[in-house]
Amino acid sequence: MAKAKTQYTCNECGSISTKWVGQCTDCGAWNTLTEVAMVKPSNSRWQGYAGAQDISLIPLPDITAQAAERLSTGLQELDQVLGGGMVEGSVILIGGDPGIGKSTLLLQALANLPDPAQALYVTGEESLQQVSLRAQRLGVGKVPLKLLAETQVESIIALASNQKPRVMVIDSVQTIFTQTLQSAPGSVSQVRESAAHLVRFAKQSGISLYLVGHVNKDGAIAGPRVLEHMVDTVLYFEGEKDSRFRMVRAIKNRFGAVNELGIFAMTDKGLRGVSNPSAIFLSRSRFLAPGTVVMVTWEGSRPLLIEIQALVDDSHGIPRRVTVGYDHNRLALLLAVLNRHGGIAMHQMDVFLNVVGGVKITETGADLAILVAVLSSYRNNTIDNSTAFFGEIGLSGELRPVPGGQERILEAAKHGFKRAIVPKANEPRQKIEEFEVIAVNSLQEALKHI
Ligand code: TYD
Ligand code: MG
């Protein structure tokens, strides 16, 4: 076979070069040249716009589309994140730090399929023996799953078109390469090009394809980020490595809700779905301490009780705002609102904030709980531990409603809370037994009740 021709294009300006250089000679940008396969121009002569007559247009109502068929993965939490199981012909990217449990999760999902013989697990990182050892540990060593240790994308596709699996896993895209490019596996161009081959193949053959991608330390380069636009669903594995709990979050989903969260616990027999996550995030340390507050957050389509801890201390120098699991800019904004509309200044204070359990909070419904936690630490007062909080704080100090108000309140009641301080517009129409809902309009009003 003749060696395929490649060239280098600049990601910034698109200029083409025959060899790699550090700086683009046209636009002057640094490190933007990536290798691409040279496409041979077609020989046919330009025939004018006449050819367009052959293309027919279809009115929308004439298209018959059936609701996509879904295949359960046998792991309820994963099915929920995917929007009710995996869709045939869909491509799912699973990103996460090395060692967080991606291979474990997918091996479990494949082994739990109704017919595991229809699944193909392609390993580029580990040997077949290593995969087998893991399978034994997970108690699925005897499942007739098909395995393949291969890294060349052309061979994988050739084999998969023969075998016709229903589900295929590529672990991981960083190890896969295509022979049309000369750059090393794991480079941006290899990852992008190999994944593009696989995605095209999945769409043509109707295979559900999982791509595993490591997120590397320095961020997006060659990581799963460069693939996000190509795939149907992007899942990210979150969670602290030293904690038992792992969260799988849908960042993008063409077949379901985004920001859906699946919660797993890593055990000695693999990942186990956590059916009542609120209970585990709270049970840890429900002792009364200043700066500790429980909030009801909204994750995808369900409420979740989470503990927030704040520590306010005298600052020596520039006041610091340090957050774990929360956006520190949002904290700065909330502190400004607290100053202007609550009359409490934190100019000479360091403020540290921690979301307990390795959870990342991205919604504004946490605003009220965060300011209450900060105030509680500042005043060194404990907050009654049977009260839960949620609500968004506006720049003029008003408390705004958040989605899922009713469900959040019910979740708090279900877990034994006696009271909730919530935005006025989230007040439920019916009274809840043995539960008091304090609905307020503004931050000032909320502070009066604490
Ligand atoms: P792994 O799935 O290999 O991570 P990734 O593919 O994301 O790199 O597994 C990660 C960790 O999980 C590993 O450190 C060992 C641990 N583990 C368990 O605790 N229990 C188990 O049953 C298995 C299979 C792994
Ligand atoms: Mg792995």
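A quick note: this is a predicted structure, and the numbers were derived from the prediction, not measured.

The rules behind the values
- As a convention, each chain's residues are numbered from 1 in the sequence order in which they are written.
- Key to labels: chains lettered from A, ligands numbered from 1, both in the order written.
- Selection of residues for local features in this predicted model requires a pLDDT of at least 70, selection of side-chain atom pairs for listing and counting requires 80 or more, and totals for whole chains, interfaces and linings are taken over all residues.
- Derived side-chain values reflect all non-hydrogen atoms in the structure, with water molecules and hydrogen atoms excluded from consideration.
- By the criteria applied, helices consist of DSSP H or I runs no shorter than four residues and strands consist of E runs no shorter than two, each listed in order from the N terminus.
- Three exposure classes are used, based on accessible area relative to the maximum for each residue type with a 1.4 Å probe and protein chains only: buried under 20%, partly exposed in between, and exposed over 50%.
- Throughout, a contact is declared for two residues whenever any of their heavy atoms are within 4.5 Å.
- With residues, only the protein chains shown are counted as cover, and all accessible areas are computed by Shrake-Rupley using a 1.4 Å probe.
- As used throughout, domain bounds are those supplied by an automatic or database domain assignment.
- It suffices for a single heavy atom of a residue to lie within 4 Å of a molecule or strand for the residue to be listed as near it.
- In the analysis that follows, any N or O atom pair within 3.5 Å is treated as a polar contact, provided that within protein one partner can donate a hydrogen and the other can accept it, and provided that, for residues neighboring in sequence, both atoms belong to side chains.
- Note on residue classes: Ala, Val, Leu, Ile, Met, Phe, Trp, Tyr, Cys and Pro are nonpolar, Asp, Glu, Lys and Arg are charged, and everything else, Gly too, is polar.
- The axes used here are C-alpha line fits, helices contributing only the stretch in contact, and every angle between their N-to-C directions lies in the interval 0 to 180 degrees.
- Convention used here: angles under 35 degrees read as roughly parallel, angles over 145 as roughly antiparallel, angles from 65 to 115 as roughly perpendicular, and any remaining angle as oblique.
- The sense of a crossing depends on the near helix, which, turned anticlockwise from the far helix by less than a right angle, makes the crossing left-handed and, turned clockwise, makes it right-handed.
- Residues enter patches when they are more than 30% accessible in relative terms and free of salt bridges; like-charged ones are connected within 9 Å and nonpolar ones (Val, Leu, Ile, Met, Phe, Trp, Tyr) within 5 Å.
- Salt-bridge detection follows one rule: a side-chain nitrogen of Lys or Arg within 4 Å of a carboxyl oxygen of Asp or Glu.
- Here, any two strands with at least 2 DSSP bridges between them count as paired.
- Working definition: a ring pair exists when centres of Phe, Tyr or Trp rings (six-membered ring for Trp) sit within 6.5 Å. Plane angles under 30 degrees give stacked, over 60 give edge-to-face, the rest tilted.
- In this scheme, Lys NZ or Arg CZ marks a charge over a ring once it lies within 6 Å of the ring centre and within 35 degrees of the ring normal.

## Brief notes about the overall build of the protein
Then step 1. Scanning the protein from N- to C-terminus turns up 10 helices and 23 strands.
Then step 2. For the protein, the C-alpha atoms occupy an extent of roughly 80 × 55 × 50 Å along the three principal directions.
Then step 3. Within the span of the protein, comprising 450 residues, buried residues form 50% of the whole.
Then step 4. Of the contacts formed within the protein by residues at least 6 apart in sequence, a portion of 65% connects residues at least 24 apart.
Then step 5. By element, 52% of the accessible surface of the protein is carried by carbon and sulfur atoms, the whole surface being about 22600 Å².

## Considerations on the domain arrangement of the protein
Then step 1. For the protein, the domain assignment lists domain 1 (1-40), domain 2 (71-275) and domain 3 (279-449).
Then step 2. A separation of 51 Å is found between the C-alpha centroids of domain 1 and domain 3.

## Description of the site of ligand 1
Then step 1. Around ligand 1 there are 16 residues in total, and Gly99, Ser103, Thr104, Arg134 and Gly270 lie nearest to it.
Then step 2. At 2.8 Å from an oxygen atom of ligand 1 is found a main-chain nitrogen or oxygen belonging to Lys102.
Then step 3. One of the side-chain nitrogen or oxygen atoms of Arg134 is found 2.7 Å away from an oxygen atom of ligand 1.
Then step 4. Contact with the protein chains removes 77% of the 560 Å² of surface that ligand 1 exposes when unbound.
Then step 5. Counting only elements with at least two residues in the shell around ligand 1, the list comes to α2 (102-111), α3 (128-137) and β13 (261-267).
Then step 6. Considering every element that reaches the shell around ligand 1, the biggest residue donor is α2, with 3 residues.
Then step 7. Grouping the amino acids of the shell around ligand 1 by side-chain chemistry returns 4 nonpolar, 6 polar and 6 charged.

## Some thoughts on the packing of helix α7 (residues 328-342) against helix α8 (residues 367-379)
When two helices pack together, their arrangement is captured by the angle between the axes and the distance separating the axes.
Then step 1. For the pair α7 and α8, the least separation of the axes is 10 Å and the interaxial angle reads 70°. Comparing their axes, α8 and α7 come out roughly perpendicular. Crossing hand, α7 versus α8: right-handed. Along its contact with α7, which presents Arg330, Leu331, Leu334, Leu335 and Leu338, the element α8 presents Asp367, Ile370, Leu371, Val374 and Leu375.
Then step 2. Residue classes in the contact of α7 with α8 are distributed as 8 nonpolar, no polar and 2 charged.

## Looking at a nonpolar patch on the surface
Then step 1. Taken together, the side chains of Ile58, Leu60 and Ile63 make up a nonpolar region of the molecular surface, amounting to roughly 350 Å² of accessible area.
Then step 2. Tracing the backbone through its elements, the reader meets Ile58 in the loop between β3 (33-37) and β4 (70-71).
Then step 3. The class of Ile58 is exposed, set by a relative accessible area of 58%.

## Topic: the sheet that holds strand β18 (residues 349-355)
Then step 1. Ordered by their spatial adjacency, 7 strands build an open sheet running β17-β18-β16-β15-β19-β22-β23, and the pairing between neighbours is mixed. Each end of this open sheet is capped by a strand with a single partner; those strands are β17 (321-324) and β23 (436-440). Shown here is a sheet whose adjacent strand axes are inclined to one another by a mean of 25°, direction ignored.
Then step 2. Pairing of strand β15 (residues 292-299) with strand β19 (residues 387-389), which is carried by 2 bridges, proceeds in the parallel orientation. Across the sheet, Met295 pairs through a bridge with Phe389, a residue of β19.
Then step 3. Packed on one face of the sheet, α7 meets β17 and β18 and runs near 130° to β17.

## So, the packing of aromatic side chains
Then step 1. Taken as a whole and judged by the stated rule, the model has 0 aromatic pairs.
Then step 2. Cation over ring: Arg408 sits above Phe390, and NZ or CZ is 5.2 Å from the ring centre.

## Section: the pattern of salt bridges
Then step 1. Applying the stated rule across the entire model yields 14 salt bridges.
Then step 2. Measuring nitrogen to oxygen at the nearest pair gives 3.1 Å for the salt bridge that ties Arg302 to Glu77. Placement of the pair is Arg302 in strand β16 (residues 302-314) and Glu77 in helix α1 (residues 76-82), with a sequence separation of 225 residues. Glu77 carries the same exposure label as Arg302, and that label is buried.
Then step 3. Taken together, the shared-partner salt bridges in this structure form one network comprising Glu69, Glu88 and Arg166.

## Side note on the sheet that holds strand β12 (residues 245-253)
Then step 1. The strand order across the open sheet formed by 9 strands is β8-β7-β9-β10-β6-β11-β12-β13-β14, and the pairing between neighbours is mixed. The outermost strands of the open sheet, each flanked by one partner alone, are β8 (146-149) and β14 (270-273). When strand polarity is set aside, the average angle formed by the axes of neighbouring strands in this sheet is 25°.
Then step 2. Bridge analysis of strand β11 (residues 233-238) against β12 gives 6 bridges, and the strand direction is antiparallel. Each residue of the ladder has a partner; that of Tyr236, found in β12, is Arg249.
Then step 3. Across the sheet, helix α5 (residues 188-205) lies against β6 (91-96), β9 (167-171) and β10 (208-214), angled at about 160° from β10, the strand it touches most.

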